[in-house]
Amino acid sequence: MIDPMANIGGQPAAQGGPQGTDASTTPEGEVFDFNALQRNMQKMESIRSFMGIINGCCAGILGLTNTTGIVFFVTMHMAVGLCIWIKMNLSGGSLAKYRRDLCSTTVVKGKYVSSTGVKGIISFLLEGLQNCFMSYMLFWTLFYGLVYLF
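Residues numbered from 1 in each chain as written. Predicted model: local features only at pLDDT ≥ 70, side-chain atom pairs only at ≥ 80, totals over all residues. Heavy atoms only, no water.

Defined as follows: UniProt positions are given in the numbering used here, feature names are shortened, and annotations may be inferred rather than shown by experiment.
The chain appears in an unreviewed UniProt entry as ER membrane protein complex subunit 6 from Chaetoceros tenuissimus. Reading the Subcellular location (unreviewed entry) entry of the UniProt record for the chain gives the comment "Endoplasmic reticulum membrane". In its Sequence similarities (unreviewed entry) section, UniProt records this for the chain: "Belongs to the EMC6 family."

Brief notes about the overall build of the chain
To be explicit about the condition: In this description a helix means any DSSP run of H or I spanning at least four residues, a strand means any run of E spanning at least two, and both kinds are numbered starting from the N terminus. Relative accessible area decides the class of each residue, using a 1.4 Å probe on protein chains only: under 20% of the type maximum gives buried, over 50% gives exposed, and in between gives partly exposed. Under the convention used here, a 1.4 Å probe and the Shrake-Rupley method define accessible areas, while residue burial counts only the protein chains that appear.
If you tally the helices and strands in the chain, you get 5 helices and 4 strands. Along the chain direction, N to C, the helices and strands of the chain fall in the order β-β-α-α-α-β-β-α-α. Per-residue burial over the chain gives 26% buried out of 150 residues. With the model as given, the accessible surface of the chain reaches about 9700 Å², and the carbon-plus-sulfur share is 64%.

Digging into the packing of aromatic side chains
Under the convention used in this document: When the centres of two rings from Phe, Tyr and Trp lie within 6.5 Å, Trp using its six-membered ring, the rings pair. Their planes under 30 degrees apart give stacked, over 60 give edge-to-face, and anything left gives tilted.
Scanning all chains against the criterion turns up 5 aromatic pairs. Relative to Tyr-148, the ring of Tyr-144 lies with its centre 5.1 Å away and its plane at 35°, an arrangement referred to as tilted. Here the residue Tyr-144 and the residue Tyr-148 both occupy positions in helix 5 (residues 129-149), the gap between them amounting to 4 residues, near one helical turn. Of the aromatic side chains, those joined through ring pairs into one cluster are Phe-73, Phe-133, Tyr-136 and Trp-140.

What about unusual backbone geometry?
Of note, the phi angle at Asn-66 is positive, near 55°, even though the residue is not glycine. Mapped onto the elements of the fold, Asn-66 is located in helix 2 (residues 66-87).

Here it is as structure tokens:
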């Protein structure tokens, strides 16, 4: 469905339409707003960061050490990503497609490459892994030290 307010296909926008907004179209003709996408990405990043801190506290209290703590982090990070994906009504593939259009567009043999499917889901679940790890490690060692060393 084409949004008449987005001025797609050379149709004039209605009076008071969003001609100055950041609304754009995908190659498939879908309309989305970059500002809304950016807000949603920031919210997801803040949820993942906060849960990384909470998971670090839990790992420290549980007394996890060495690779068990790292495996716990990766597992819990993927669980948080899965919860976000379920909250999004299992439409992570479309989010990955919009993110691809926001960051860069990949064209192979004249067609846009889609990041949907298993590869897109795994990349969505593991997104922000490095960003959260330092906070996780800080709180992991802090709570481990508070509970087991002092």
